[in-house]
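Here's the letter readout for the chains.
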Amino acid sequence: METRSIFKNISPIDHRYSLPQGGLYDELSVFLSEEAGIVYCAMAEMALVKAHLKIAEEKKSSLLPKLSIELEKTLDDIALNIDPSEVYEEEHKTQHNIRALVNVLKKKVPEVTAPLVHLGATSADILDTAFSMRIRDAVVKVIIPLLKKTEILLCDIAEREAETPQVGRTHGQHAVPITFGYAVSEYVARLGKSILRLEELVKDLRGKFAGAVGSYNAASLIVSDPMKFEKIYLDYLGLKPSEYSHQLVEPEYMLRLLLEANIAFGIIANLADDLRNLQRTEIGEVFEHFSATQVGSSTMPQKRNPWNSEHVKSLWKTFSPRVMSFYMDQISEHQRDLSNSASQRFIADYLTGLALAFNRMNSILNGLQADRENMLKNLLQGGGKVRGGVMAEPAYILLAECGVSDAHEVIRKITLAAENQKLSFYEALKTEEKVFALVTERLKELNFDKPEEFFANPERYRGLANVKAKALAEKYKSLM
C-alpha cells in the first residue's frame, strides 16, 4: 500500500485541519474515508449472504450450511478486515468497483457460500445501502454528539449570563436593553430545534435490494417473496427499505438530512459572525481565550484577533454552497445514470467540514468570556449619538399610555434635539416639561417614584430577557 506524507495531500481537510483536530478526524474516518466506503460495502455484501442463508434455512435446503453464530462472525470479520488496496488492485482489472469487491470477497468467504456473494444484487443495492449506513453512523455517533456538545455549552452560557445587562442591536445600531444570556439563547433555540430534526431524519435513511431497475426482477427468480427478502437483508444492516426505488434509493431521504445539517451549519456561522463582531475593539463585549504563547499578528504584537470565529465562518463559506450539489443529486435519468457517482463522494468532505467547524465552535465557547463591565458601559452610553437613547422606547410607550396619539413623533423630536444640543436623552426629555410631567406621572403609577433612576438604569428595562434565557437553556438542556 502506498504511503504518502500528510502534507502531500491536496485537500486542506486532510492536513491543515486534520492535524489540530486529530481525534475528531480519526472518529470521522471510520465512517467517511475511502477505506470505510469499502468496508461498509463489504458489510452489505455479507448481510446479503446471511439473508440468502436464512431463506435457505427456512426452505430447509441441504445445499447450504446453517447460518450459525460462528459463520455469522466469520462473515462479519471478513467484511471488517477487507484490505482496500486488494480491492483497488482488482478494480484495475475490472474497471468496476463493486465487481472488484465481489471478486475479492468470493475468495475469502467459505467456498460453499461464495455463489451467494452479490447474488441477485445490482451495484446500487450495495452502494446506496452502504452509503446510508455510513452517513447514519457518522451522524449518530460523531456529528449529533458534537452538535449536542455545542448546544450544552450555549445553554450553560445562556444560564450564566442570563442577568448580564447588554444593549440589544438591530441593523448594527443600539436598540433596547437585553441580557447577554438572552442574546445567546437565540442560538440555543435555533440549534436545539435543528438537532432534534436531525435526530428524526437520520432514522429515516433507507437501503434497497430491488435489483437493476428496482422492480425485483432478479430477486423474483431466487425467492418467492422478494420484498420479504429485501427486509431480511436490510434488517441485518439496521435500515428500512426505500418505499420506491429504481436502481437508486429515493434521493430525498438523504437530501432532507443534508439540508438540515446545512441549516445547523448556518446557525453556527451566524453565531460566529456575532461573536466576531462583539470582539471588535470599539465594542469589546466578549473575547475568545488567547493562550500565553499565541500570536495575533506577524507585525502588531498587541493584536488578539477573533480568528477562531472567523475560521468557523470561513468553513461555512466553503462547504455550505455544496447544498447545490445535494439538490442536483436528486436527478438521475430514467432508472439510473452515473452523474451522481462523483458528486456524492464529496458528501464525506462536507460532513467533515461541518464537524470541524462545530468542533472549533466548541473550543470558542469553552473559553468564551463576557466583559460585563464593558457591556454595561456600552449600554449606559447606548443610543448612537444620543447618550442614553436606548430609553427612548419606554418614554414613547409611557407617553402613549397617557393618551398622546403622536407620542412616537414627540419622542423622536426630543432625540433629535438631544443630538443637536449634545444632551443626554434624559436631559432633553426634561426640557419638554409637559411631556416629562406625563411620563413621570405614568412612571409613578408603575411604582417608579424617581424618573431619574428609571432612565439612568437602562439595565432594568429588559422585559423578559433574563426569564427567556433561563427557560430556553433549561428546556434544550433537558432535550439533549
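This structure is a prediction, so every number in the text was calculated from the model and none was measured.

Caption draft 1: Quick peek at the side chain of Ser132. Assignment of secondary structure puts Ser132 in helix H6 (residues 123-160). Not counting chain neighbours up to four residues away, the residues in contact with Ser132 comprise Leu205, Arg206, Leu239 and Met254.

Caption draft 2: Fine view of the nonpolar core. Grouped together as the largest cluster of nonpolar side chains are 113 residues, with contacts concentrated most on Ile82, Ile135, Phe180, Tyr233 and Met361. Take this core: its biggest share by element is 17 residues, from H6. Val167, Leu379, Ala407 and Val435 belong to the second-largest nonpolar core, a separate cluster that totals 23 residues.

Caption draft 3: Examining the pattern of salt bridges more closely. In this structure the tally under the stated criterion is 30 salt bridges. Of the charged contacts, one joins Glu90 and Lys93 as a salt bridge, the two residues approaching to 3.7 Å between their closest N and O atoms. On the criterion of helical spacing, the pair formed by Glu90 and Lys93 is a turn pair, its members being three residues apart in helix H4 (residues 84-94). For Arg206, the salt bridge identified is with Asp204, shortest N-O distance 2.8 Å. Residue Asp204 is classed as partly exposed on the basis of its relative accessible area of 28%.

Caption draft 4: Spotlight on the environment of Phe346. Turning to its location among the elements, Phe346 is positioned in the loop between helix H13 (341-345) and helix H14 (347-367). Considered as a pair, Phe346 and Thr431 are 85 residues apart in the sequence and their alpha carbons are 66 Å apart.

Caption draft 5: Region of the structure containing the pairing of strand E2 (residues 173-179). Pairing analysis gives five bridges linking strand E1 (residues 165-170) to E2, with the strands arranged antiparallel. Bridge assignment links Arg169 to a residue of E2, and that residue is His174.

Caption draft 6: Focus on the environment of Pro451. Structurally, Pro451 can be placed in helix H20 (residues 451-456). A relative accessible area of 7% means that Pro451 is categorised as buried. Spatially, the C-alpha atom of Pro451 lies 9.2 Å from that of Tyr426, the residues being 25 residues apart in sequence. What Pro451 contacts, discounting residues up to four positions off in sequence, is Tyr426, Phe436, Thr440 and Leu443.

Caption draft 7: Focus on the environment of Arg190. As for its position among the elements, Arg190 is in helix H7 (residues 180-202). It is 7.0 Å that separates the C-alpha atoms of Arg190 and Ile267, two residues lying 77 residues apart in sequence. Non-local contacts of Arg190, meaning those with residues more than four positions away in its chain, are made with Ile267 and Asn270. Within polar-contact distance, the side chain of Arg190 engages the side chain of Glu186 at 2.6 Å. Within the structure, the side chain of Arg190 is placed 3.1 Å from the side chain of Asn270, a separation counted as a polar contact.

So, how was this worked out
By convention here, each chain's residues receive numbers from 1 onward along its written sequence. Local features are withheld for residues below a pLDDT of 70 in this predicted model, meaning they are given only at 70 or higher, and side-chain atom pairs are given and counted only at 80 or more; totals for whole chains, interfaces and linings count all residues. Just so you know, side-chain values use all the structure's heavy atoms and leave hydrogens and water out. Helix and strand definitions follow DSSP, with helices as H or I runs of at least four residues and strands as E runs of at least two, each counted in order from the N terminus. Residue contacts are defined here by distance: any two heavy atoms, one from each residue, within 4.5 Å place the two residues in contact. What is meant by a nonpolar core is a set of buried Ala, Val, Leu, Ile, Met, Phe, Trp, Tyr and Cys residues, joined one to another through side-chain atoms within 4.5 Å. Relative accessible area decides the class of each residue, using a 1.4 Å probe on protein chains only: under 20% of the type maximum gives buried, over 50% gives exposed, and in between gives partly exposed. For this analysis, a salt bridge means a side-chain nitrogen from Lys or Arg found within 4 Å of a carboxyl oxygen belonging to Asp or Glu. Only strands that DSSP links by at least two bridges are regarded as paired with each other. Polar contact is defined as a pair of N or O atoms within 3.5 Å, subject to the rule that within protein one atom must be able to donate a hydrogen and the other to accept it, and that residues adjacent in sequence are counted only when both atoms are side-chain atoms.

Honestly, it's all geometry; don't read function into it.
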